[in-house]
Amino acid sequence: MRAVGIILAGGNSNKMRELTQKRAVAAMPIAGSYRAIDFALSNMTNSHIQKVAVLTQYNARSLNEHLNSSKWWDFGRKQGGLYVFTPTITADNGYWYRGTADAIYQNLDFLKKCHEPYVIITSGDAVYKMDYNKVLEYHIAKKADITIVCRDLQPGEDATRFGTLKMDETMRVEEFEEKPMMAAYNTISTGIYIIRRRQLIDLIEHCAEEERHDFVTDILIRYKNLKKIYGYKIKDYWSNIATVDAYYKTNMDFLKPEVRNYFFKEYPGIYSKVSDLPPAKYNPGAVVKNSLVASGSIINGTVENSVLFKKTFVGNNCVIKNSIILNDVYLGDNTYIENCIVESRDTIRANTRHVGENGVKIVVEKNERYAL
C-alpha cells in the first residue's frame, strides 16, 4: 500500500438549511440508495487504498451508523481497515475539531502509526468517481509537495462556493483564493489532496504550534510560494452537494441515462450499505416516468422526473413532479408535490399541496420521527 486515506466528514453546511439540522452533509442520501460518503469510500477501495480514516463530528449519529461495518466497502481486512474518529477529550485537549487541520492534528497518532508514504485527503460531500492512483503517479512525476485535484467550472456555475486557483503552464499553483467574494479564476479545487505523510505531519504540527486550524487557509494558501503545489485537472463528473440547489441538481442528474450509466454500470462500481428491503411495488393505477424509485417503496399515484428514496409510500391520486422524497416518507392520498425536497421520516397529510415556485422548497412536517 502506497497511500492512506483521510475523509473529512465532520463539517456542517448552513446552506443546506433544514436538511442538515439532524444529519451531517456526508450522510445526505443520494440517487435513491446511497449516501454522499459512499462515493469517496468507493473511490478509496477501488483505488486499492486499504486503510482509510473518516473524521466525523457534526450530527454524526446517522453517519456513524452507516459506517458501523466496513464490509460494504471491502475494508474488513486483516491489514488496513476503516477507522471512524470523533473528537475525544484527552488530558492535553478539550476541544472539538476547530477546523480541517485541527481535525487531522487531533488524530495525528493514526498517521504516525501508519507506514504508507503518502496520504490522500478528500471530503465526504462530493459525488464523483476517481482512480486516486493516477493522481498519485502524477504527484510523484511532478515531484510535488502537494497536489490539488481541480476542475474548470461550467458557464453559470458559482465559483464563490469553492477555492479558486490559477496555475502556470507547468500546472504549478500560482494563486489560491478560498471562497472569494468575486472569483477571478474559473478553476476550482475539488477538495482532494495528495501529500507525503511525513510532510503532512510536520505541517500539521507546525499549524498547531501557531494555533492555526484550517488546512486550506493555513497550509495551501500560506505555503503556496514556499512549497511545490501542483494542480491535477479532471474533466469527469464531479459535484459538491453542500447547498440545497446543488443537492437537488446532483440528484436530478441521476435521471440522465449517461450519468446513471457512468456511476452504476461502468466499472468500477459505487458501493453502499445494503438494506434488506423488498423491491419497489407499483400498484394498479400507478404511473412512473423518468424517475428513480428505491427499494421498500409502494407507489399508488403518479411520479414524474423525481427521485424517491427507500420506504416511500405514495398514496392514491398523489402527484409528484420534479421532486426528491427522502427515506421513509408517507404521502397521504391526493397530495401534490412539485419542485420540492421532502425530509425523511415525514408524514405528509392527505389533500395537501406543496410547490416550490421560486426555487426548491424543503418540506418538513413537524412530527416526532427523527431524520436519518
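Residues numbered from 1 in each chain as written. Predicted model: local features only at pLDDT ≥ 70, side-chain atom pairs only at ≥ 80, totals over all residues. Heavy atoms only, no water.

Draft legend 1. How the structure looks around the nonpolar core. Judged by nonpolar contacts, the single largest core of 39 residues is most densely connected at Ile37 and Leu41. For this core, the secondary-structure elements that each account for two or more residues are strand 1 (3-9), helix 1 (37-46), strand 4 (51-56), strand 6 (118-123), strand 7 (126-128), helix 5 (132-142), strand 11 (187-196) and strand 12 (229-233). Membership of the second largest hydrophobic core comes to 35 residues, among which are Leu55, Ile104, Ile204 and Val216. (Core = buried A, V, L, I, M, F, W, Y, C linked by side-chain atoms within 4.5 Å. Buried < 20%, exposed > 50% of the residue type's maximum accessible area, 1.4 Å probe, protein only. Helix = DSSP H or I, 4+ residues; strand = E, 2+ residues; numbered from the N terminus.)

Draft legend 2. Representation of the sheet that holds strand 14 (residues 281-282) within the structure. Ordered in space as 14-17-20-23-26, the 5 strands form an open sheet in which the pairing is parallel. Where the open sheet ends on each side, the last strands, each with one partner, are strand 14 and strand 26 (347-348). Where strand 14 and strand 17 (residues 298-299) come together, 2 bridges link them in parallel fashion. Bridge assignment links Tyr282 to a residue of strand 17, and that residue is Ile299. (Pairing = 2+ DSSP bridges.)

Draft legend 3. Structural detail: helix 9 (residues 257-264). Turning to helix 9, its buried residues number three or more, namely Val259, Tyr262 and Phe263. Across the axial projection of helix 9, the buried residues extend over an arc of 85 degrees, all falling on one side. In the core, the buried residues of helix 9 are packed alongside helix 1, strand 7 and helix 8 (244-253). (Arc of directions from axis to C-beta. Contact = heavy atoms within 4.5 Å.)

Draft legend 4. Just the pattern of salt bridges, in detail. Applying the stated criterion across every chain yields a total of 17 salt bridges. In this structure, the salt-bridge partner of Arg2 is Glu137, at a minimum N-O distance of 2.9 Å. On the criterion of sequence distance, the pair formed by Arg2 in the segment before strand 1 and Glu137 in helix 5 is long-range, its members being 135 residues apart. With a shortest N-O distance of 3.4 Å, Asp102 and Arg98 are connected by a salt bridge. When its relative accessible area of 3% is taken as the criterion, Asp102 is described as buried. Salt bridges here are not isolated pairs; linked through shared partners, they connect Glu210, Arg212, Asp218 and Arg222. (Salt bridge = Lys/Arg side-chain N within 4 Å of Asp/Glu carboxyl O.)

Draft legend 5. View of the side chain of Thr243. Mapped onto the elements, Thr243 comes out in the loop between strand 13 (238-240) and helix 8. We classify Thr243 as buried; its relative accessible area is 13%. Of note is the side chain of Thr243, whose polar atom sits 3.1 Å from the backbone nitrogen of Ala246. (Polar contact = N/O pair within 3.5 Å; in protein donor to acceptor, adjacent residues only side chain to side chain.)

Draft legend 6. Structural detail: a negative patch on the surface. On the surface, Glu169, Glu174, Glu175 and Glu177 cluster together into a patch of negative charge. Here Glu177 shows up in strand 10 (residues 173-178). (Patch = residues over 30% accessible without salt bridge, like charges linked within 9 Å, V, L, I, M, F, W, Y side chains within 5 Å. Areas by Shrake-Rupley, 256 points an atom, 1.4 Å probe, with all protein chains shown as cover. Lys, Arg positive; Asp, Glu negative; His and termini not counted. Charge placed at Lys NZ, Arg CZ, Asp CG, Glu CD.)

Draft legend 7. Highlighting the confidence of the model for the protein. Summary statistics for the protein give a mean pLDDT of 90 and a share of 97% for residues scoring 70 or more. Here residues 368-372 scores under 50 on pLDDT; set against residues more than four positions off or in separate chains, the count is 22 contacts. (pLDDT = per-residue confidence, 0-100.)

Draft legend 8. Geometry of the pairing of strand 6. Across the 6 residues of strand 6, 6 count as buried, placing the element largely inside the fold. Side-chain alternation along strand 6 places Tyr118, Ile120 and Thr122 on one buried face and Val119, Ile121 and Ser123 on a second face that is also buried. As defined by bridge partners, strand 6 adjoins strand 11 across 4 bridges and the pair is classed as antiparallel. Looking at strand 11, one finds that Val119 is bridged to Ile195.

Draft legend 9. A look at the pairing of strand 1. Of all 7 residues in strand 1, 7 are buried, a share of seventy percent or more. Neither face of strand 1 is left uncovered, since the one carrying Ala3, Gly5, Ile7 and Ala9 and the one carrying Val4, Ile6 and Leu8 both have all their residues buried. Here strand 1 runs beside strand 4; their pairing, made up of 5 bridges, is parallel. Within the sheet, the bridge partner assigned to Gly5 lies in strand 4 and is Val52.

Draft legend 10. Inspection of unusual backbone geometry at higher detail. Residue Tyr267 is joined to Pro268 through a cis peptide bond whose omega torsion reads -5 degrees. Here Pro268 is to be found in the loop between helix 9 and strand 14. For Lys179, which is not glycine, the phi torsion reads 45 degrees and is therefore positive. Tracing the backbone through its elements, the reader meets Lys179 in the loop between strand 10 and strand 11. You can call Lys179 exposed: its relative accessible area is 52%.

Draft legend 11. Focus on the packing of aromatic side chains. Counted under the stated rule, the structure contains 16 aromatic pairs. Ring geometry for Tyr34 and Phe39: centres 6.2 Å apart, planes at 45 degrees, overall tilted. Comparing Tyr34 with Phe39, the two get one shared label, buried. Among the aromatic residues, ring-to-ring pairing joins Tyr34, Phe39, Tyr237, Phe254, Tyr262, Phe263 and Phe264 into one connected group. Positioned above the aromatic ring of Tyr95, the side-chain terminus of Arg98 is 3.7 Å from the ring centre. The ring of Tyr262 has Lys129 sitting right over it, with the charged end atom 5.0 Å from the ring centre. (Phe/Tyr/Trp six-rings, centres within 6.5 Å; stacked < 30°, edge-to-face > 60°. Lys NZ or Arg CZ within 6 Å of the ring centre and 35° of its normal.)

Draft legend 12. Representation of the sheet that holds strand 19 (residues 307-308). If you trace the 5 strands from one edge of the open sheet to the other, you get 16-19-22-25-28, paired in parallel fashion. For this open sheet the edge positions go to strand 16 (292-293) and strand 28 (361-363), each flanked by a neighbour on one side alone. In the sheet, strand 22 (residues 324-325) pairs with strand 25 (residues 340-342) via 2 bridges, with the strands oriented parallel. Each bridged residue has a counterpart across the sheet, and for Ile324 the counterpart in strand 25 is Ile341.

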